[in-house]
2 protein chains.
Amino acid sequence: MATVGESNPSHRQPAAETGTSAAPLADRNGNRVSSRPSNLVTGGIPDIVIRRLPVYVRTLSLLADRGVESVSSDELARHIGVTAAQIRRDLSYFGKFGKQGKGYSTELLAGTISRILQLDRQWDVALAGFGNLGRAIAHYRGFLPAFRVAAIFDSSSERSGERFNELTVQPVERITEIVAAEKIRIGIIAVRTGAAQDVADRMIAGGARALLNYTTVVLRVPANVTVREIDPVGAMQSMTYYLDERDD
Amino acid sequence: MATVGESNPSHRQPAAETGTSAAPLADRNGNRVSSRPSNLVTGGIPDIVIRRLPVYVRTLSLLADRGVESVSSDELARHIGVTAAQIRRDLSYFGKFGKQGKGYSTELLAGTISRILQLDRQWDVALAGFGNLGRAIAHYRGFLPAFRVAAIFDSSSERSGERFNELTVQPVERITEIVAAEKIRIGIIAVRTGAAQDVADRMIAGGARALLNYTTVVLRVPANVTVREIDPVGAMQSMTYYLDERDD
DNA sequence: CCGAAATCGTGCCATATTTCACAATTATCC
DNA sequence: GGATAATTGTGAAATATGGCACGATTTCGG
Ligand SMILES: NC(=O)c1ccc[n+]([C@@H]2O[C@H](COP(=O)([O-])OP(=O)(O)OC[C@H]3O[C@@H](n4cnc5c(N)ncnc54)[C@H](O)[C@@H]3O)[C@@H](O)[C@H]2O)c1
Ligand SMILES: NC(=O)c1ccc[n+]([C@@H]2O[C@H](COP(=O)([O-])OP(=O)(O)OC[C@H]3O[C@@H](n4cnc5c(N)ncnc54)[C@H](O)[C@@H]3O)[C@@H](O)[C@H]2O)c1
């Protein structure tokens, strides 16, 4: 396997981009806004490429499960809905994984990209907010097996203290302490909007460096923290632009 | 106000894009796969610009509600986390809304962009899937007031027939019929992955032209249908790339 | 009413991203 | 075994996106 895989990832650290400055706000797909790694300075790999990798893994794994042993960039591209050249280019940032005349081994490539993304381990995640959304996230099995909710926080005195599986919902005051103690690097923010920045700050103080933000708040985070936005409302609001009364 | 606002939006229709050529996301049948409209051909406005507009509206409305009457591109940029030039450029696609020396009227600009996005009306939405996620979406107030769940579908015989507010959950077989009858243009897909394409096809057959896809399935849709993906798992999986054991 | 300060809109340039297209390599078939 | 077909990885070109910087215009304080 080529270079990146399990090598020391320190060189990948998102380029410095402080608070408000240069951070672009929406990715190509529809996922949203805010501080994601700038994509060039480090000589690193463009974030837009990184964001496509999960789809590759997903599709390759699906094919592998179906018993398909190898796949060409062209066929993979048709499955995913991108161009074959893009897939080949994306992969070329990391090494050479294909075989001319044959294509890529589905299983091998899925495994390789998983390692590149560090998905070959389980990550503990801190969940803040245990309201409707927070509960839904806690119950959602789709994050498994790479991600496991290891701590839950809520400010409400009714909710804090509540049990979920083997976890007790903790008060927000303990976020920093617990995130640090459990070495949690990833946070999910599902609190009411007014509390989002505070909760993010506490998580970061405890050592979190990746935040999944379900609120519409634009989070201010240091340059070494990655934030991804989940913004279904924004997605809907941008689709209506294209709607027309009559149609085809 | 400038041109676009409530003018006939037919010219905005995503360019019909045949085959794989100009459009990055087309499959063999000329069906655009997955999200966003092609962004150039029509001489139309780049989709990436459209996708930023909801954030502008949101922020401007917030400021207006706080009693801020006008805001400069610079200040707005600081709130949102983009550059002032980008905001000015984005707006310039639609007209001239600012006043030199002063900035933009928060209320006016929020209203103008809302009209551009056609958010100055209520859109009926069809929701497919009434499991955990579907229920959460149905209860979620964040889509209001621009979007209203007007029909709910589920294949399960237990769920179909169930009531939600004044709605009865309907079987998937009725999607096309009901979507057509109620002139619904927007669908939300929250069914199990295996059913996503089928449900999408039925909605489109009934006249839906915008789909919010919560599943990980890559939907095949005609070129005149916009799809946006909500993919929190992918977002998480791409953030782990940047995580490092030690940090800073 | 004046000069300084603020701010927009945009031409033009810089950067980022995608795509083309082809040499090199490997597979396949007879 | 040799000819043909398939397919990769990548330099170079093409597009798309972002940002600088400045003329033009408006505001503002006195
Ligand atoms: N992106 C999405 O798909 C999506 C969907 C639904 C809701 N949301 C957003 O997620 C957030 C939560 O939505 P919800 O429907 O779960 O609301 P909710 O009211 O059910 O839950 C909010 C929770 O946050 C808790 N909370 C309030 N202040 C807190 C604080 N300082 N620290 C920790 N917890 C605190 C409350 O006690 C409550 O449990 C909102 O911002 C909402 O807009 C996003
Ligand atoms: N993007 C996200 O944030 C997110 C979060 C949770 C779940 N999901 C995804 O959303 C989907 C639903 O998740 P869930 O947790 O609600 O699962 P669920 O099992 O609770 O609900 C799925 C629902 O789909 C219904 N269904 C199955 N086949 C159908 C068909 N042919 N037509 C209509 N309805 C059908 C089922 O009856 C059930 O009610 C899954 O694909 C899941 O991976 C996405």
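Residues numbered from 1 in each chain as written. Chains lettered and ligands numbered in written order. Predicted model: local features only at pLDDT ≥ 70, side-chain atom pairs only at ≥ 80, totals over all residues. Heavy atoms only, no water.

Some words on unusual backbone geometry
All names here are of chain A.
Here comes step 1: Residue P145 follows L144 across a cis peptide bond; omega there is 0°.
Here comes step 2: As for its position among the elements, P145 is in the loop between α5 (132–139) and β4 (147–153).
Here comes step 3: Of note in the backbone geometry, N165 takes a positive phi value of approximately 50° without being a glycine.
Here comes step 4: Among the secondary structure elements, N165 is positioned in the loop between β5 (163–164) and β6 (167–168).
Here comes step 5: Classification of N165 by relative accessible area gives exposed; the value is 60%. (Helix = DSSP H or I, 4+ residues; strand = E, 2+ residues; numbered from the N terminus. Buried < 20%, exposed > 50% of the residue type's maximum accessible area, 1.4 Å probe, protein only.)

Some details on the confidence of the model for chain A
Residue and element names in this part refer to chain A.
Here comes step 1: For chain A, the mean per-residue pLDDT works out to 85, and 81% of the residues sit at or above 70.
Here comes step 2: For residues 13–36, every residue scores under 50 in pLDDT, and the model assigns this stretch 81 contacts once sequence neighbours within four places are set aside.
Here comes step 3: Under a pLDDT of 50 for its full length, residues 38–42 has, in the predicted model, ten contacts with residues more than four places off or in other chains. (pLDDT = per-residue confidence, 0-100. Contact = heavy atoms within 4.5 Å.)

Overview of the environment of R58(B)
Here comes step 1: Of note, R58(B) is situated in helix α1 (residues 47–65).
Here comes step 2: Between the alpha carbons of R58(B) and A110(B) there is a distance of 7.7 Å; along the sequence they are 52 residues apart.
Here comes step 3: If sequence neighbours within four positions are ignored, R58(B) has contacts with T216(A), D231(A), V233(A), G234(A) and Q237(A).

Side note on the site of ligand 2
Here comes step 1: The immediate surroundings of ligand 2 are formed by 20 residues, with L133(B), D154(B), S155(B), R159(B) and V172(B) found nearest.
Here comes step 2: In this structure, ligand 2 is bordered by residues of chains A and B.
Here comes step 3: With respect to ligand 2, the backbone of L133(B) contributes an N or O atom lying 2.8 Å from an oxygen atom.
Here comes step 4: For the shell around ligand 2, the secondary-structure elements that each account for two or more residues are α5 (132–139) and α7 (193–206) of chain B.
Here comes step 5: The element that contributes the greatest number of residues to the shell around ligand 2 is α7(B), accounting for three residues.
Here comes step 6: Counted by class, the shell around ligand 2 contains eleven nonpolar, six polar and three charged residues. (Near = heavy atom within 4 Å. Polar contact = N/O pair within 3.5 Å; in protein donor to acceptor, adjacent residues only side chain to side chain. Nonpolar A, V, L, I, M, F, W, Y, C, P; charged D, E, K, R; others polar.)

Some thoughts on the site of ligand 1
Here comes step 1: Surrounding ligand 1, one finds 20 residues, the nearest of these being L133(A), D154(A), S155(A), R159(A) and V172(A).
Here comes step 2: More than one chain reaches ligand 1: the nearby residues come from chains A and B.
Here comes step 3: Within the contact set of ligand 1, an oxygen atom lies 3.4 Å away from a backbone nitrogen or oxygen of G131(A).
Here comes step 4: A distance of 3.3 Å separates an oxygen atom of ligand 1 from a polar side-chain atom of Y140(B).
Here comes step 5: Calculation on ligand 1 without its partners gives an accessible area of 830 Å², and the protein chains cover 81% of this total.
Here comes step 6: For the shell around ligand 1, the secondary-structure elements that each account for two or more residues are α5 and α7 (193–206) of chain A.
Here comes step 7: Among the elements that line the shell around ligand 1, the one with the most residues is α7(A), at three residues.
Here comes step 8: Classifying every residue of the shell around ligand 1 gives eleven nonpolar, six polar and three charged. (Areas by Shrake-Rupley, 256 points an atom, 1.4 Å probe, with all protein chains shown as cover.)

Thoughts on the packing of helix α8 (residues 232–239) of chain A against α1(B)
Here comes step 1: Contact geometry of α8(A) with α1(B) gives a least axis separation of 8 Å together with a crossing angle of 115°. The handedness of the crossing between α8(A) and α1(B) comes out as right-handed. Between α8(A) and α1(B), the residues in contact are V233(A), G234(A), Q237(A) and S238(A) and I50(B), R51(B), P54(B) and R58(B), respectively. (Axes fitted to C-alpha atoms, helices over the stretch in contact; angles between N-to-C directions. Left-handed = near helix turned anticlockwise from the far one by under 90°.)

Focus: the domain arrangement of chain A
Here comes step 1: For chain A, the domain assignment lists domain 1 (47–116) and domain 2 (123–236).
Here comes step 2: Look at where the C-alpha atoms of domain 1 of chain A and domain 2 of chain A centre, and you get two points 31 Å apart. (Domains from an automatic or database assignment.)

Structural notes on the pattern of salt bridges
Here comes step 1: The tally for this structure, following the rule as stated, stands at 18 salt bridges over all chains.
Here comes step 2: Of the charged contacts, one joins R58(B) and D231(A) as a salt bridge, the two residues approaching to 3.0 Å between their closest N and O atoms. Taken together, the positions of R58(B) in helix α1 and D231(A) in the loop between β9 (226–229) and α8 put the pair across two chains.
Here comes step 3: R51(B) is the salt-bridge partner of D47(B), the closest N and O atoms lying 2.8 Å from each other. Placement of the pair is D47(B) and R51(B) together in helix α1, with a separation of four residues, close to one helical turn.
Here comes step 4: Overall, the relative accessible area of 2% leaves R51(B) in the buried class.
Here comes step 5: Among the ionic contacts, a cluster of salt bridges with common partners joins D47(A), R51(A) and R228(A). (Salt bridge = Lys/Arg side-chain N within 4 Å of Asp/Glu carboxyl O.)

Some details on the sheet that holds strand β4 (residues 123–128) of chain B
Residue and element names in this part refer to chain B.
Here comes step 1: The strand order across the open sheet built from five strands is β5-β4-β8-β9-β11, with neighbouring strands paired in parallel fashion. The open sheet has two edge strands with one neighbour each: β5 (147–153) and β11 (226–229). With strand direction ignored, the average angle separating the axes of adjacent strands in the sheet is 25°.
Here comes step 2: Direction of pairing for strand β8 (residues 186–189) relative to strand β9 (residues 210–213): parallel, over a ladder of four bridges. (Pairing = 2+ DSSP bridges.)

Details of α7(A)
Here comes step 1: With 14 residues, α7(A) should cover 20 Å at 1.5 Å per step; its first-to-last C-alpha distance of 21 Å lies within 8% of that length.
Here comes step 2: Within the span of α7(A), buried status applies to A195(A), A196(A), V199(A), A200(A), M203(A), I204(A) and G206(A). (Expected span 1.5 Å × (residues − 1).)

A closer look at the pairing of strand β3 (residues 123–128) of chain A
Residue and element names in this part refer to chain A.
Here comes step 1: Burial of β3 is extensive: five of the six residues sit out of reach of the surface.
Here comes step 2: Sheet topology note: the β3/β4 ladder contains six bridges and is parallel. Its bridge partner being in β4, A128 is matched across the sheet by F153.
Here comes step 3: Considered for its hand, the β-α-β crossover made up of β3, α5 and β4 is right-handed.
Here comes step 4: Bridge analysis of β3 against strand β7 (residues 186–189) gives four bridges, and the strand direction is parallel. (Right-handed = clockwise from strand over helix to strand, strands pointing away.)

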